[in-house]
Amino acid sequence: MTAEQPVLPAAYPEPLWTQAATLLRTRIADGELRPGARLPPERDLCQQLSISRVTLRKALSALVEEGVLRSAHGRGWYVTAPSAPRGDWPNTLESFSETARRMGLAPTSEVLRGAAAPATFDEAEMFQIAPGTPLFHLERVRRLDGVPIAVDESLLPADVADGFELVDFTTASLYEIVTDRGFQLAQADTTIEARPATAAVAEHLGVPEATPILQMRQVVRDRAGRPLLSSTIRYAGDRYRLRTSFTRNAGEQT
């Protein structure tokens, strides 16, 4: 687009920054700018729209306030992924699929890996098995109504995951399959922390690299205390909320 053919007519009754925001919003809605994509450099956008940088930044800031864009300091402006409807996530041991259905959302997965590999020393210690014993590795991008929510890496002992190479985990629930085979998922030790997104995780979630994400590590055990599976789930920080509650024992004093 050239200055001789401006995209935004100055005589239009709406301010130029409003017109610029509307045009960018339309490009995003039409799929020309996809979730996770970085906008062209500000100088290029100013030339395309025949507006000043001050006007452009006012439009971009408005779109950030709407949640359409996000600013990554020193790296530019990015299209945000559409957020899944907010809801309270459980403080009970519940699978991703169970949580999704309770919230009225459709869970799906993209399987990145589904294969057995020898257990490392750390993995063997966690599962109380000998190093080199096969463990099934299942890595998936988890989605709700098509929106990427998390990257999930799970490990299971070979006897628990027997035949998993033949399971279609794009729609199947890992918890449901394990439970249907007679294993009881009774309790989970969980750690949640903020971590920067690696390049691979950022690409899968449609966020800029190094964006803060929520990393949840779990070891799920049966009633006898045997570890049945472990998982490391990396959630897009703006698409996940954990709700819990605390109680205070009677008689405690401040």
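Preceding this section is the structure that the text describes.
Everything numeric here is computed off the predicted structure, so don't read it as measured data. (Residues numbered from 1 in each chain as written. Predicted model: local features only at pLDDT ≥ 70, side-chain atom pairs only at ≥ 80, totals over all residues. Heavy atoms only, no water.)

What follows covers the side chain of Ser109. Checked against the element boundaries, Ser109 lands in strand E3 (residues 107–118). Here Ser109 falls in the buried class, since its relative accessible area comes to 10%. Within polar-contact distance, the side chain of Ser109 engages the side chain of Arg142 at 2.8 Å. If we skip the residues at most four places from it in the chain, Ser109 touches Arg140, Val141, Arg142, Phe169 and Thr170. (Helix = DSSP H or I, 4+ residues; strand = E, 2+ residues; numbered from the N terminus. Buried < 20%, exposed > 50% of the residue type's maximum accessible area, 1.4 Å probe, protein only. Polar contact = N/O pair within 3.5 Å; in protein donor to acceptor, adjacent residues only side chain to side chain. Contact = heavy atoms within 4.5 Å.)

Our next topic: the environment of Thr191. With respect to the helices and strands, Thr191 occurs in strand E6 (residues 187–196). Since its relative accessible area comes to 48%, Thr191 is described here as partly exposed. Linking Thr191 and Arg217, residues 26 residues apart in sequence, is a C-alpha distance of 5.2 Å. Not counting chain neighbours up to four residues away, the residues in contact with Thr191 comprise Gln215, Met216 and Arg217.

The next subject is the pattern of salt bridges. Two side chains with opposite charge may pair up if their charged atoms get near one another. Under the criterion given, the structure shown has 8 salt bridges. With a closest N to O distance of 3.1 Å, Arg221 and Asp189 form a salt bridge. Residue Arg221 is located in strand E7 (residues 212–221), and its partner Asp189 is located in strand E6; the two are separated by 32 residues in the primary sequence. Among the residues examined, Asp189 registers a relative accessible area of 37% and is labelled partly exposed. (Salt bridge = Lys/Arg side-chain N within 4 Å of Asp/Glu carboxyl O.)

Inspection of every chain in the model, using the stated rule, returns 2 aromatic pairs. Centre to centre, the rings of Phe136 and Phe164 are 5.6 Å apart; their planes meet at 90°, and the pair counts as edge-to-face. Placement of the pair is Phe136 in strand E4 (residues 134–144) and Phe164 in the loop between strand E5 (147–157) and helix H6 (174–180), with a sequence separation of 28 residues. Accessibility classification places Phe136 together with Phe164 in one group, the buried group. When the centroid spacing of 5.4 Å and the interplanar angle of 65° are considered together, the rings of Phe164 and Phe169 count as edge-to-face. Neither residue differs from the other here; Phe164 and Phe169 are each classed as buried. Members of the aromatic cluster, connected to one another through ring pairs, are Phe136, Phe164 and Phe169. (Phe/Tyr/Trp six-rings, centres within 6.5 Å; stacked < 30°, edge-to-face > 60°.)

In a pair of packed helices, the angle between the axes and the distance between the axes together describe the arrangement. Here helix H1 (residues 16–29) crosses helix H3 (residues 53–66) at 55°, and the two axes come no closer than 8 Å. As judged from the angle between their axes, H1 and H3 are oblique. Here the hand of the crossing between H1 and H3 comes out right-handed. Where H1 abuts H3, its residues Leu16, Trp17, Ala20, Ala21, Leu24 and Arg25 lie against Thr55, Lys58, Ala59, Leu60, Ala62, Leu63 and Glu66. (Axes fitted to C-alpha atoms, helices over the stretch in contact; angles between N-to-C directions. Parallel < 35°, antiparallel > 145°, perpendicular 65-115°, else oblique. Left-handed = near helix turned anticlockwise from the far one by under 90°.)

By the criterion of burial, E7 is predominantly enclosed, with 7 of the 10 residues buried. Bridging between E6 and E7 involves 10 bridges; their strand directions are antiparallel. Counterpart to Ala188 in the pairing with E7 is Val220. Sheet topology note: the E7/strand E8 (residues 227–236) ladder contains 9 bridges and is antiparallel. For Ile213, the partnering residue across the bridge sits in E8 and is Ala236. Count of turn residues in the E7/E8 antiparallel hairpin: 5 residues, of which Gly225 carries a positive phi of about 95°. (Pairing = 2+ DSSP bridges.)

Just distances and angles here, no functional claims.
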